[in-house]
Amino acid sequence: MEMTAAELWEHIRSAVRESIPDHAYASWIGGVAALALTDDELVLEAGNRFKAEWLEDKYGELLEARGTDILRRRLKVTVRASTSPDAFAPPSVRLAPPAHASTAPDGLRDAPRSWAHPGPSMPLEDARSPRPSLNQRYTFERFVVGTNNQLATAAAGAAADRPGRLYNPLVFYGGVGLGKTHLMHAIGHQVLRNNPDARVAYVSAEQFMNEMITAIQRGATAQFRARYREMDVLLVDDVQFLKGKESTQDEFFHTFNALYDSHRQIVLTGDRPPQEMEGVEERLVSRFEWGLAVDLRPPDLETRIAILRRKAEDEGLVLDPDVIECIAHSCTTSVRELEGAVIKLLAVSSVWNKEITPDFASRVLDLRRREREPRQPQTSPERIKEETAQAWRVRADALSAKTRTRSVTEARHVAMYVMRHVLELPLAEIGNRFGGRDHSTVLYSIRKVEQRMEDDREFRTRVSDLLQTLTGTPADPMVH
Ligand code: ADP
Ligand code: MG
């Protein structure tokens, strides 16, 4: 029996209804729609990024397990955030009309033909892949300037005001989440503000390649070339993707030359400085070095605080200054990490209906950090059972048996919780270690423990003490 995405989602929803607390069900599952179903994947759509991340993180495994049961084949569940109209504006990127053969730049003549044969068929729809537009939020106004990005911001502003004249190409490089894409979009916005008729294109290097391949397959390479070569400003994100992709590099080389020769602005981003881009042809690397390459570094503490204040303001959030400080101290590597921390705090506070106090923030963030650190298993499942049984004064073997007395049941739940959080074992495996219990039973048990830790201080202390015995580190009383 084949189902549609929506039908399958209905089945999964009703199957998990029981094992998820009402408020959580309403917040995280209720409003979620099914987008697509392929052989092995169900794609869901949640209202925003934080809901999507949360749902996938917390309930992904359960949804997958239920879906797998229902379909009787392995199912992966992914959750996407719906693209709100406000986050991505309609076409602020203009595309030039297709090819005027007469304007074909020199580069075209020696473009390689080796790949220019129609390839195996590809769905035609792909050829008209939707173009990304500039993210409305990625403007200069919303970009907080600190010592880590001062030079990059100044160069971006200059390039936007005098495209093709000052720094060409302008290259931003640095680690993930430091604002490269943001600055690049900001240039696009400002160029269009200065000159609404300017032709600006933003593509990732990967998309450039995909479009090129599709164009080849459709016999539309002339249009593809003309389109990019007629831009006033070309923004190409993440050029490290070109690594090892020779024909794409070749094509890009000619696009670059055509634009450069007619003084059009080229802006690139990459994960490292041009001279360190391995797997990119020397002739391209040397062109990347013709202009200005500036790095973006992780923000310092003051800048992190300023960014957080700005984000809170922009999103209409009220965050206590001490909470801001706490986040800024705890997230040091990138702006993306700062944003992630805020999202996590909002999510946890809304699920547990708690105010975000500095204490709450530091506990959640500490937990988040620990979740991310690769953990050394400090204990074994057997030891967890033994210690839990001892602490709850029950027999260890009763935990895996059918015994349902209150104290055994409680100890069993706690041992499951500890196995999950200390050893991060999969739910099914935990179930097996307790006499072949079903993973949704395990999940339910763990959630009960979490809930009770929230509500019952004495219980929380007992679990904390147990965790401390087992891991040697003070336990975190926060649920996750
Ligand atoms: P990169 O392209 O370097 O990986 P992004 O440009 O995607 O990073 O930035 C990651 C997130 O951080 C984006 O949401 C962006 O708006 C935000 N961001 C980065 N730097 C700043 C900054 N200086 N001020 C405000 N927001 C920033
Ligand atoms: Mg980026």
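Coordinates for the structure precede this section.
A brief look at the structure comes next. Source: prediction; values computed, not measured. (Residues numbered from 1 in each chain as written. Chains lettered and ligands numbered in written order. Predicted model: local features only at pLDDT ≥ 70, side-chain atom pairs only at ≥ 80, totals over all residues. Heavy atoms only, no water.)

**Brief notes about the pattern of salt bridges**
Across all of its chains, the model carries 24 salt bridges by this definition. Aspartate 397 is paired through a salt bridge with arginine 395; the nearest N and O atoms lie 2.5 Å apart. Put simply, Glu410, Arg452, Asp456 and Arg462 are held in one network by salt bridges that share partners. (Salt bridge = Lys/Arg side-chain N within 4 Å of Asp/Glu carboxyl O.)

**Looking at the environment of histidine 185**
As for its placement among the helices and strands, histidine 185 is situated in helix α5 (residues 180-194). What makes histidine 185 buried here is its relative accessible area of 4%. The residues contacting histidine 185, other than those within four sequence positions of it, are Ser133, Leu134, Asn135, Tyr138 and Tyr202. For histidine 185, the side chain forms a polar contact with the main-chain nitrogen of asparagine 135, separated by 3.0 Å. (Helix = DSSP H or I, 4+ residues; strand = E, 2+ residues; numbered from the N terminus. Buried < 20%, exposed > 50% of the residue type's maximum accessible area, 1.4 Å probe, protein only. Contact = heavy atoms within 4.5 Å. Polar contact = N/O pair within 3.5 Å; in protein donor to acceptor, adjacent residues only side chain to side chain.)

**Re the sheet that holds strand β3 (residues 76-81)**
Strand order in this open sheet of three strands is β1-β2-β3, and the pairing throughout is mixed. Either end of the sheet is taken by a strand with one partner, and the two such strands are β1 (33-37) and β3. Across this sheet, the average inter-strand angle for adjacent strands is 30 degrees, counted without regard to direction. Alignment of strand β2 (residues 41-46) against β3, held across six bridges, turns out to be parallel. Counterpart to alanine 46 in the pairing with β3 is alanine 81. (Pairing = 2+ DSSP bridges. Axes fitted to C-alpha atoms, helices over the stretch in contact; angles between N-to-C directions.)

**Points about the state of the cysteines**
Evaluation of the coordinates by the stated rule reveals zero disulfides. Among the cysteines around cysteine 326, which has no disulfide bond, cysteine 331 carries the closest sulfur, lying 8.4 Å off. (Disulfide = S-S within 2.5 Å.)

**Let's talk about the site of ligand 1**
Around ligand 1, the surrounding shell holds 18 residues, and the nearest of these are Val144, Gly177, Lys180, Thr181 and His182. Within the side chain of asparagine 149, an N or O atom sits 3.3 Å from a nitrogen atom of ligand 1. One of the side-chain nitrogen or oxygen atoms of lysine 180 is found 2.8 Å away from an oxygen atom of ligand 1. Starting from 560 Å² of accessible surface for ligand 1 in isolation, the protein chains cover 94%. The set of elements that each furnish at least two residues to the shell around ligand 1 consists of α5, α10 (301-315) and α12 (335-351). By residue class, the composition of the shell around ligand 1 is seven nonpolar, six polar and five charged. (Near = heavy atom within 4 Å. Areas by Shrake-Rupley, 256 points an atom, 1.4 Å probe, with all protein chains shown as cover. Nonpolar A, V, L, I, M, F, W, Y, C, P; charged D, E, K, R; others polar.)

**Thoughts on the packing of helix α7 (residues 221-229) against helix α8 (residues 246-261)**
Orientation of α7 relative to α8, taken along the N-to-C sense of each, is 40 degrees, at an axis distance of 9 Å. Viewed along their axes, α7 and α8 adopt a mutual orientation that is oblique. Where α7 crosses over α8, the handedness of that crossing is right-handed. Across the interface between the two elements, Phe224, Arg225, Tyr228 and Arg229 from α7 touch Glu251, His254, Thr255, Ala258 and Leu259 from α8. Of the residues assigned to the contact of α7 with α8, the class counts are four nonpolar, two polar and three charged. (Parallel < 35°, antiparallel > 145°, perpendicular 65-115°, else oblique. Left-handed = near helix turned anticlockwise from the far one by under 90°.)

**Some details on helix α18 (residues 457-471)**
In this model α18 runs 21 Å from its N-terminal to its C-terminal C-alpha over 15 residues, within 8% of the 21 Å that 1.5 Å per residue would give. Within α18, the full set of buried residues consists of Phe459, Arg460, Val463, Ser464, Leu466, Leu467, Leu470 and Thr471. Seen from one end, α18 has its buried residues packed into an arc of 160 degrees, which puts them on one side. More than 90 degrees from the buried face of α18, the exposed residues found are Arg457 and Glu458. Among the structural elements, α14 (381-391), α15 (406-423) and α17 (439-455) are those in contact with the buried residues of α18. (Expected span 1.5 Å × (residues − 1). Arc of directions from axis to C-beta.)

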